[in-house]
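So you can see what is in the structure, the chains are spelled out below.
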Amino acid sequence: MSASVSMPAGGVQVGTYPDYAQAQRAVDYLSDEHFPVENVQIVGTDLRSVEQVVGRLTYGRAAGAGAASGAWFGLFVGLLLGIFAPDGSSWISSVLTGLVIGVVFGALFGVAGYAATRGRRDFASTGQKILAGRYDVLCNPQFAEDARAHLARLSLRG
């Protein structure tokens with residue numbers, strides 16, 4: 001009979017850390033000490049979503065971002081079509097044609113997408129991050145005292 005090592009979110013708290021890197025370091029230390037880390041979880045609490053706003057979004061910026069995206073796609077298509085070109089000049093014209101068409105259509109789609117929002121999102125931002133206020137290291141109850149002892153030694157090391 002094999003034992004299941006999965007546990008639901010919960011368990012016994014054996015450590016609390018202000019950032020994920022420190023919680024990860026604690027679990028890594030447990031692993032280095034040959035502790036059965038499959039009985040451990042890192043649980044972030046007090047979650048918050050952080051989105052970095054990088055600037056105002058305008059028709060010009062939307063067109064520029066679309067054109068840049070379209071340029072990459074057009075370049076890719078042009079290179080694929082250029083493979084079948086009979087000579088060097090045809091290859092170059094295939095790549096340039098793909099690039100130009102990609103830029104034009106990308107800019108048009110960028111403007112169309114921006115116009116479709118009707119001013120509900122007039123800013124550009126980087127991706128959202130989910131951050132926790134603290135990170136708890138939890139452990140199955142049968143291993144909790146051993147985990148606490150190991151983590152106490154880690155905290156003494158600094």
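For the structure, check the block above.
Below is a summary of the structure that appears in this document. (Residues numbered from 1 in each chain as written. Predicted model: local features only at pLDDT ≥ 70, side-chain atom pairs only at ≥ 80, totals over all residues. Heavy atoms only, no water.)

## Some thoughts on the pattern of salt bridges
Right, so step 1: Summed over the entire model, instances satisfying the criterion amount to three salt bridges.
Right, so step 2: Put simply, Asp46 and Arg134 hold a salt bridge, and the shortest N to O gap is 3.6 Å. Highlighted residues: Asp46 in the loop between strand 2 (40–45) and strand 3 (48–56) and Arg134 in strand 5 (residues 134–139), separated in sequence by 88 residues.
Right, so step 3: Relative accessible area serves as the criterion here: at 54%, Asp46 is assigned to the exposed category.
Right, so step 4: By relative accessible area, which is 32% here, Arg134 ends up partly exposed. (Salt bridge = Lys/Arg side-chain N within 4 Å of Asp/Glu carboxyl O. Helix = DSSP H or I, 4+ residues; strand = E, 2+ residues; numbered from the N terminus. Buried < 20%, exposed > 50% of the residue type's maximum accessible area, 1.4 Å probe, protein only.)

## Observations regarding helix 1 (residues 20–32)
Right, so step 1: For helix 1, with 13 residues, the first-to-last C-alpha span of 18 Å sits near the 18 Å given by 1.5 Å per residue.
Right, so step 2: Residues of helix 1 that are buried include every one of Ala23, Ala26, Val27, Tyr29 and Leu30, and no others. The buried residues of helix 1 occupy one face: seen down the axis, they fall within an arc of 155°.
Right, so step 3: Buried residues in helix 1 make contact with strand 1 (12–17), strand 2, strand 5 and helix 4 (144–157).
Right, so step 4: Sitting at the head of helix 1, Asp19 places a side-chain oxygen 3.3 Å from the backbone nitrogen of Ala21.
Right, so step 5: Positive phi shows up at His34, right after helix 1, with a value of about 65°. (Expected span 1.5 Å × (residues − 1). Arc of directions from axis to C-beta. Contact = heavy atoms within 4.5 Å. Polar contact = N/O pair within 3.5 Å; in protein donor to acceptor, adjacent residues only side chain to side chain.)

## Some points on the sheet that holds strand 5
Right, so step 1: Judged by pairing direction, the sheet is antiparallel, and its three strands sit side by side in the order 1-5-2 without closing on themselves. Each of the sheet's edge strands pairs with one partner strand only, and the pair in question is strand 1 and strand 2. Averaged over neighbouring strand pairs, the angle between their axes works out to 30° when direction is ignored.
Right, so step 2: Helix 1 contacts strand 1, strand 2 and strand 5 of the sheet and is inclined by roughly 170° relative to strand 2.
Right, so step 3: Set on the sheet, helix 4 makes contact with strand 1 and strand 5; between it and strand 1 the angle comes to about 25°. (Pairing = 2+ DSSP bridges. Axes fitted to C-alpha atoms, helices over the stretch in contact; angles between N-to-C directions.)

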